[in-house]
Amino acid sequence: MLDSALEVLRLQAAGEASAVEIAERAMDAIEASQAVHNAYTHVDRESAIASAKSVDAKRAAGQPLGALAGVPIAVKDVLCTSDMPTTCSSEMLRGFRPPYDATVIEKLRAADAVIVGKTNMDEFAMGASTETSAFGITKNPWDTTRTPGGSSGGAAAAVAAGTVPLSLGTDTGGSIRQPAAFCGVTGLKPTYGRVSRYGLVAFASSLDQIGPIAWSADDCALLMNVIAGFEPRDSTSLDQPVPDYTLATESNDLRGLRIGVLRESLQAEGIDESIRTTLAHAIGVLAELGAEIIDVDLPHREYWVPTYYVIAPSEASSNLSRYDGAHYGHRAGEEAKDLVTMYCRSRAEGFGAEVKRRIMVGTYALSEGYADEYYNKALKVRRLIRGDYDAAFSQVDLLLGPVTPTPAFKLGDKVDDPIQMYLCDLFTVGANLAGVPAISLPGGFDPAGLPIGIQLQAPTLEESRLLFAASAFQSATDYHTQRPKQ
Amino acid sequence: MSQLPTTTIIGLEVHVQLKTATKLFCGCSTKFGSPPNTQVCPVCLGLPGALPVINEHAIELAIRAGLAIRCDIPPLTKWDRKQYFYPDLPKGYQISQFDLPICADGCLEITDPADPDAIRRIGIIRAHLEEDAGKSMHDEAAGRADSRIDLNRCGTPLLEIVSEPDMRTADEALAYLTKLKEIMTHLGVSDCEMQEGSLRVDANVNLHIDKHGQRIATPIVEVKNMNSFRNVAAALDYEVERQYAEWEETGHTIQTHGKRTFGWDDVKCVTYPQREKEESADYRYFPCPDLLPIRIPRERVEEIRASLGETPEETRERLQSQYGIKAYDADVIVSQGRAMVEYFDAAAMASGDGKRTSSWIQQDVMRTLKEQGSDIESFGVSAEQLGQLLSKVKSGELTNDRARDVFKHVSENGGGIEDAIKALGIEAVDDSEMEALVKELLAANPKVVDDVKNGNQKAVGSLIGQARGKNPNANPQKIREIALRLIDQA
Ligand SMILES: [Zn+2]
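Residues numbered from 1 in each chain as written. Chains lettered and ligands numbered in written order. Predicted model: local features only at pLDDT ≥ 70, side-chain atom pairs only at ≥ 80, totals over all residues. Heavy atoms only, no water.

**Section: the coordination of the zinc ion**
Residues and elements named next belong to chain B. Donor atoms from the polypeptide that coordinate the zinc ion comprise Cys26 (SG), Cys28 (SG), Cys41 (SG) and Cys44 (SG), at 2.2 to 2.4 Å from the metal. One way to put it: the four donor atoms around the zinc ion meet at angles of 99 to 114 degrees, and that makes the site tetrahedral. In terms of primary sequence, the donors binding the zinc ion are separated according to C-x1-C-x12-C-x2-C. Taken together, the positions of cysteine 28 in the loop between strand E1 (6-17) and helix H1 (56-68) and cysteine 41 in the loop between E1 and H1 put the pair 13 residues apart, joining distant regions of the chain. The pair cysteine 28 / cysteine 41 is uniform in exposure class, with both members buried. (Donors = N, O, S within 2.8 Å, 3.2 Å for Na, K, Ca; no water. Tetrahedral: all angles 85-135°; square planar, octahedral: opposite > 155°, others 65-115°. Helix = DSSP H or I, 4+ residues; strand = E, 2+ residues; numbered from the N terminus. Buried < 20%, exposed > 50% of the residue type's maximum accessible area, 1.4 Å probe, protein only.)

**Side note on empty space enclosed by the protein**
All names here are of chain B. Across all of its chains, the model carries six cavities of 30 Å³ or more by this definition. Here the largest cavity defines a volume of roughly 110 Å³. In terms of lining, the largest cavity is formed by 15 residues, of which the most central are Val43, Leu51, Pro52, Lys91 and Ile95. (1 Å grid on protein atoms, 1.4 Å probe; cavity = no way out; pocket = protein on both sides within 12 Å on 5 of 7 lines; lining within 4 Å. Points joined across faces, edges and corners; volume = space filled by probe spheres on them.)

**Observations regarding the interface of chain A and chain B**
Residue-level contacts link 35 residues of chain A with 30 residues of chain B. With both sides pooled, the region where chain A packs onto chain B buries about 2700 Å², and carbon together with sulfur makes up 60% of that total. Considering only the side of chain A, the residues that lose the most area to chain B are Ser235, Arg322 and His327 of chain A, jointly responsible for 22% of the buried surface there. For the pair chain A and chain B, the number of links is one salt bridge. A salt bridge links arginine 197 of chain A to aspartate 290 of chain B, with the nearest nitrogen and oxygen atoms 3.3 Å apart. (Contact = heavy atoms within 4.5 Å. Buried area = accessible area lost by both parts, 1.4 Å probe. Salt bridge = Lys/Arg side-chain N within 4 Å of Asp/Glu carboxyl O.)

**Thoughts on the domain arrangement of chain B**
Residues and elements named next belong to chain B. Each assigned domain of chain B is listed here: domain 1 (6-295), domain 2 (311-424) and domain 3 (431-489). Taking only C-alpha atoms into account, the centre of domain 2 sits 33 Å from that of domain 3. Across the contact, four residues belong to domain 2 and five residues belong to domain 3. For the pairing of domain 2 and domain 3, the buried interface totals around 320 Å² over both sides, and the portion due to carbon and sulfur atoms is 39%. Viewed at the interface, domain 3 and domain 2 are joined by zero residue pairs in polar contact (both at pLDDT 80 or more). Per-class residue counts for the side of domain 2 that touches domain 3 are no nonpolar, two polar and two charged. (Domains from an automatic or database assignment. Polar contact = N/O pair within 3.5 Å; in protein donor to acceptor, adjacent residues only side chain to side chain. Nonpolar A, V, L, I, M, F, W, Y, C, P; charged D, E, K, R; others polar.)

**Comments concerning the layout of surface pockets**
Residue and element names in this part refer to chain B. Approximately 1600 Å³ is the volume attributed to the second largest pocket. Contributing to the lining of the second largest pocket are 41 residues, with Thr185, Ser190, Asp191, Glu193 and Gln336 lying nearest its centre. Every element with two or more residues in the lining of the second largest pocket is listed here: helix H2 (170-186), helix H6 (312-323), helix H7 (327-335), helix H8 (338-351) and helix H9 (354-372). The element best represented in the lining of the second largest pocket is H2, accounting for seven residues. Taken together, the residues of the lining of the second largest pocket sort by class into 10 nonpolar, 15 polar and 16 charged. The two domains that each donate at least three residues to the lining of the second largest pocket are domain 1 (6-295) and domain 2 (311-424).

**Brief notes about the sheet that holds strand E4 (residues 93-96) of chain B**
All names here are of chain B. Strand order in the open sheet formed by three strands is E4-E3-E15, with antiparallel pairing between adjacent strands. The open sheet has two edge strands, E4 and strand E15 (286-287), and neither has a second partner. The sheet contact formed by strand E3 (residues 80-83) and E4 spans four bridges and is antiparallel. Looking across to E4, one finds that arginine 81 is bridged to isoleucine 95. (Pairing = 2+ DSSP bridges.)

**Regarding the UniProt feature "active site" (unreviewed entry) in chain A**
All names here are of chain A. UniProt feature "active site" (unreviewed entry): in the numbering of this structure it lies at Lys76, Ser151 and Ser175. Spatially, the listed residues are clustered: although they cover 100 residues, their C-alpha atoms lie within 11.0 Å of one another. Relative to the helices and strands, lysine 76 is located in strand E2 (residues 72-76). For lysine 76, a relative accessible area of 0% corresponds to the buried category. (UniProt positions renumbered as here; feature names shortened; annotations may be inferred.)

**Digging into the nonpolar core**
Within the largest apolar cluster, 194 residues are counted, with the highest numbers of intra-cluster contacts made by Leu108 and Phe124 of chain A together with Tyr176 of chain B. Excluding residues within four positions of it along the chain, leucine 108 of chain A makes contact with Leu68, Ile73, Val75, Ala113, Ile115, Leu168, Leu223 and Val226 of chain A. Ranked by size, the runner-up nonpolar core spans 33 residues in total, among them Met340, Val341, Ala348 and Phe407 of chain B. (Core = buried A, V, L, I, M, F, W, Y, C linked by side-chain atoms within 4.5 Å.)

**Some details on helix H16 (residues 476-489) of chain B**
Residues and elements named next belong to chain B. Over its 14 residues, H16 extends 20 Å from the first C-alpha to the last, a length consistent with the 20 Å expected when each residue adds 1.5 Å. Ile479, Ile482, Ala483, Leu486 and Ile487 are the residues of H16 that are buried. Each buried residue of H16 lies within a common arc of 125 degrees when the element is viewed along its axis, so the set occupies one face. Exposed side chains of H16 directed beyond 90 degrees from the buried face belong to Asp488 and Gln489. Buried positions along H16 lie against helix H13 (431-444), helix H14 (446-453) and helix H15 (461-470). (Expected span 1.5 Å × (residues − 1). Arc of directions from axis to C-beta.)

Okay, structure coming up:
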């Protein structure tokens, strides 16, 4: 079991452990966990130890060290790495090694982090259970009969299982926050454009965002300091100064902070009683810390999921066109009689069922004669949803609500029922459609001992405010410090 | 012929490759003719995770082009994805512009080929920016069916200029294309080299047949793959005949058969239908989520408008009146683009002899550029140097031949004119030295002296060659003068 990132840094600074010792501990933990949880698609002990060695050497030589020096980190297998495969957990990209590093990977390397491997995910980040991976399912460390959530299920499970203190996930409709909630860890989806998407294999470009997963808000802040910031290679990257996020986690006094509670969302059908109880409890904690609690509503909430499930597949159908077997990736083995047959066979063999379903939905929604009815209408509704957020944030500083309708569900429960799976995103997709930051943090446990998350959302670029409130909540509670039984 | 009266309706879609150093969305070079797949990066290859970033220079060139063809430049333009599968399109979509093109609603005036005194106004619907695709090369020799793909061209910026169907004859289409090419090269927007694919034309053509007062439109045919203006004209003429014959035979009209895509076979000189699949494409356009819409401030448009300078016509007229050169010569220089005009202006000023400068540019400069495969902007002989050189020819200080040697030396080795003259050992030969040389030659060639005395002055010519053999700096004109004087005196 590995300590928090802050503790890992302290151990090294105090000379109580070297980066190599820490990396070895992480690699041992990964080995033990992998057989049970299957959170990784790729690990390379040797290269992890080698990069830890270079950190130790730097320290010994008195050279300046990066902010994450010697901290083991796992990254979702949707981020391009030049020294490891990038597969998106798809047959289509099995063995694919990009010739370049994603910007966040470059930044991690520059910060002297030790990248231990790539984590499992739903194929091309499509799913809410990590069951659509071509590399096998990942199991929830709290209960291995249950899903870790998705699509960053591997990234959340890797942290929950104590193999690494930090991981990077991506969130298109809740893919950081929902697995974080299911795995009892803290996950932050930053503002759209706050973290460069360069080198993130696109699922739905206008919604995708990279973010940190850790045990605590304090560790998330540490990682945000490294990955946030403007980058000219991503045109949608925001050219705004980056605050020191760790400063946000210093105070626990929430007096003067107005928190809007999305009470109506809790009336929705199919919401587990444990979710309602947890939220009520969280409201109490936050109020005790001095926050003012106000009821608010986001009126177009019922259109979130339908809007999302038009826009995301539409963009995905376009983004995934490049996987045609012509230039790289999977190509059908049998000699095809013509080009179109080659494309069809390669795509039929390379993509899994969920990916195909979304490509079909997206292709339909964008096609001539239907675009106005679906895609263009969805764009209009998206503008209304953004308007709801603007209106809400003119009244309150943060929004509080659930992350998921239920705690982690059983493996196999929803994988054959796409609609049920899509409803996992009920509370999370709003932040992606509006582009605002949101955090999921442990808020309690259900009677069976499964972790339950609560969600805070903030106005654009107010990650610090999220981390401030989350850190204060974590100073008053100990849910985030509890670990699954090994 | 018992043919019914028909009107030909022609609209052109012209793709010009913008003259940027780098591609539309990445920093790769746009140089033509490099080894396959050497000018590529994750962005233009469309590798997973790579993202496009707009090249500002392409935007500026597109605005220049648009203003020159009298388009509006709307304050907001955006990018869209156009989806289709093709192996030389690595992303599976092309980043283009759909409903908000960068230039809209312009026109181009051409001289009516049927009446040199009349002007025809051809409407321009729009001009939009898009990235080029790569190139597939199919090797079907010896029963093999290898296909190779060169992606160097992927992401090269193109401006697609779409005309209204305002042209009525192949000659008008030709006049339109010629005029468009002249403007684009003159503005430095594009090289417009059809051979290199930097100018490509698709023609939409159909007929309106007047049958007893009733207008019948034949199906529209879009002709692709024409690699010269001559082929465009030939294809259009061919289509006029073919469509009429087809209509007589089948009765197909635009209502029954809409639009079809044809290719042009420049060996057989026929058009041929392309596969049905390529016609009924649904491109599923939608706004490209990787690129933000572009706001173009009014001030920027006006700034670019102010920098456009004179039109090719104005330049042509000015060159004729200012330097006294012929219309044809002015035309050749102007058709080489603005950089050449600027070069000519500077050289002619420095030489003080427009005619000589014009002929040197058309012969020596253009030939050397062709040999070196370079352009006037990077040419080794500056306009000032050429002017200096030609002023020496004008003053008789250098012969044309020696000036050519100097020109060649500078273009190959660089350095100044004086340096080249020195390096080539060119010195002015003084008169007494020259006289001695001629005396010597006359003594050795009594037959020449006799011939001249018998009235054949041309006989002196053989002395000139001999004299220059002994002293390459000898001026032929001088030799002739001295020889004739000495023979006359003898
Ligand atoms: Zn490139």
